[in-house]
Amino acid sequence: MANIRNIVVLTGAGISAESGIDTFRDAGGLWEQHRVEDVATPEGFARDPELVLGFYDMRREALLTKEPNLAHGALARLDAEFSGELLIVTQNVDDLHERAGAKRVLHMHGELKSALCTSCEMRSPWDAPMSANDTGQRPPCPVCQAPTLRPDVVWFGEMPYQMERIYAALRQADLFVSIGTSGAVYPAAGFVRDARDLGVRTLELNLERSEGSHWFHESRLGRAGELVPQWVEELLGR
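The structure presented is a predicted model; accordingly, all values stated were derived computationally and were not measured. (Residues numbered from 1 in each chain as written. Predicted model: local features only at pLDDT ≥ 70, side-chain atom pairs only at ≥ 80, totals over all residues. Heavy atoms only, no water.)

(A) Seen up close, the overall build of the chain. Secondary structure summary: the chain contains nine helices and 11 strands in total. In summary, the chain has a C-alpha radius of gyration of 18 Å against a globular reference of 18 Å for 238 residues, a match within 12%. Taking the principal axes of its C-alpha atoms as reference, the chain extends roughly 60 × 40 × 35 Å. Counting all 238 residues of the chain, 48% fall into the buried class. Relative to all contacts within the chain whose residues are 6 or more apart in sequence, the contacts with residues 24 or more apart total 64%. Approximately 11,700 Å² of the chain is accessible, and the part contributed by carbon and sulfur atoms is 50%. If the 24 positive side-chain charges of the chain are averaged to one point and the 35 negative ones to another, these points end up 5 Å apart. (Helix = DSSP H or I, 4+ residues; strand = E, 2+ residues; numbered from the N terminus. Rg over C-alpha atoms; globule rule 2.2 N^0.38 Å. Buried < 20%, exposed > 50% of the residue type's maximum accessible area, 1.4 Å probe, protein only. Contact = heavy atoms within 4.5 Å. Areas by Shrake-Rupley, 256 points an atom, 1.4 Å probe, with all protein chains shown as cover. Lys, Arg positive; Asp, Glu negative; His and termini not counted. Charge placed at Lys NZ, Arg CZ, Asp CG, Glu CD.)

Right, dumping it as structure tokens:
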């Protein structure tokens, strides 16, 4: 631990599950009772934009009722107290890391509280509904005024954000930690193998073994709200 000066942390749905946010999809392949193909692909958006916009409006509204948990708080403490380099790469589109106080956060799959304009390609903070109102009008883009906003989230078939920055951080890392991930969604699922190939120490903190558990030097199994504070205390108290 004394030699660790650069850390990359990857977080997935498991870290927010303890805050009451559903993991990505259930055993039947549905995401909150919708087919993933209908609400999380460019094709689904092209086919029925109002369904997709309404779906994310409901998720954005539901997010207001959720609070960061102990795992988010522990990573915020790490962010505040760790003097070395740190990058928290999250697959989650919620803002619970930020609300807990973390600042060194990268949302590789976008953010629920952000809008992307398909006309001017600018991003804007967004809390309001994106779907059409009672008169059939969608809200305009704050930059170009076109009514062509979509959720600023990465759908299947789209490239995750800031991959060059993530790989640059992995190349400099002494430790890669994966928290609450299934190890099934690429490219994030491949980060542990990339880290191992670079000689980086790897640690998994998860409720159960992920699909890529065999790539980790160490796996600790249990609730994120227990494991993450323990690990942060171990690291900062070295």
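That was the structure; now back to the text.
(B) Just the UniProt feature "binding site: Zn(2+)" (unreviewed entry) in the chain, in detail. UniProt marks Cys117, Cys120, Cys141 and Cys144 with the feature "binding site: Zn(2+)" (unreviewed entry), using the numbering shown here. The annotated residues occupy 28 residues of the chain but converge on a single region, no pair of C-alpha atoms lying more than 8.7 Å apart. Position of Cys120 among the secondary structure elements: in the loop between strand E6 (110–117) and strand E7 (123–125). You can call Cys120 partly exposed: its relative accessible area is 26%. By the element assignment, Cys144 lies in the loop between E7 and strand E8 (149–153). Apart from the residues lying within four places of it in its own chain, the contact partners of Cys144 are Cys117, Ser119 and Cys120. (UniProt positions renumbered as here; feature names shortened; annotations may be inferred.)

(C) Region of the structure containing the environment of Leu70. Relative to the assigned elements, Leu70 resides in helix H5 (residues 70–81). The exposure class of Leu70 is exposed, given its relative accessible area of 61%. The spatial distance from the C-alpha of Leu70 to the C-alpha of Tyr167 is 28 Å, given a sequence separation of 97 residues. Contact partners of Leu70, with chain neighbours within four places excluded, come to Gly225 and Pro229.

(D) Representation of the packing of H5 against helix H9 (residues 224–236). Closest axis-to-axis distance for the H5/H9 pair is 7 Å, and the angle between their directions is 20°. Considering their axes alone, H5 and H9 lie roughly parallel with respect to each other. As H5 runs across H9, the sense of the crossing is left-handed. On H9, the residues that touch Leu70, Ala71, Ala74, Leu75, Arg77, Leu78 and Glu81 of H5 are Ala224, Gly225, Val228, Pro229, Trp231, Val232, Glu233, Leu235 and Leu236. Considered class by class, the residues forming the contact of H5 with H9 number 12 nonpolar, one polar and three charged. (Axes fitted to C-alpha atoms, helices over the stretch in contact; angles between N-to-C directions. Parallel < 35°, antiparallel > 145°, perpendicular 65-115°, else oblique. Left-handed = near helix turned anticlockwise from the far one by under 90°. Nonpolar A, V, L, I, M, F, W, Y, C, P; charged D, E, K, R; others polar.)

(E) Examining the sheet that holds strand E10 (residues 201–206) more closely. Taken in spatial order, the six strands make up an open sheet running E5-E4-E1-E9-E10-E11, and their pairing is parallel. Edge positions in the sheet fall to strand E5 (105–107) and strand E11 (218–221), since each of these pairs with one other strand and no more. Taking each pair of neighbouring strands and ignoring which way they run, the sheet shows an average axis angle of 15°. The pairing of strand E1 (residues 6–11) with strand E9 (residues 175–179) spans five bridges and is classified as parallel. Opposite Ile7, over in E9, you have Leu175 as the bridge partner. Against the sheet, H5 engages E1, strand E4 (85–90) and E9, with an angle of about 150° to E4. (Pairing = 2+ DSSP bridges.)

(F) Local environment of the nonpolar core. Membership of the largest hydrophobic core comes to 25 residues, with the highest contact counts inside it found for Ile7, Val9, Leu75, Ile179, Val228 and Trp231. It is H9 that provides the largest number of residues to this core, a total of six residues. In this structure, Ile7 is in contact with Phe82, Glu85, Leu86, Leu87, Leu175, Trp231 and Leu235, ignoring residues within four places of it in sequence. (Core = buried A, V, L, I, M, F, W, Y, C linked by side-chain atoms within 4.5 Å.)

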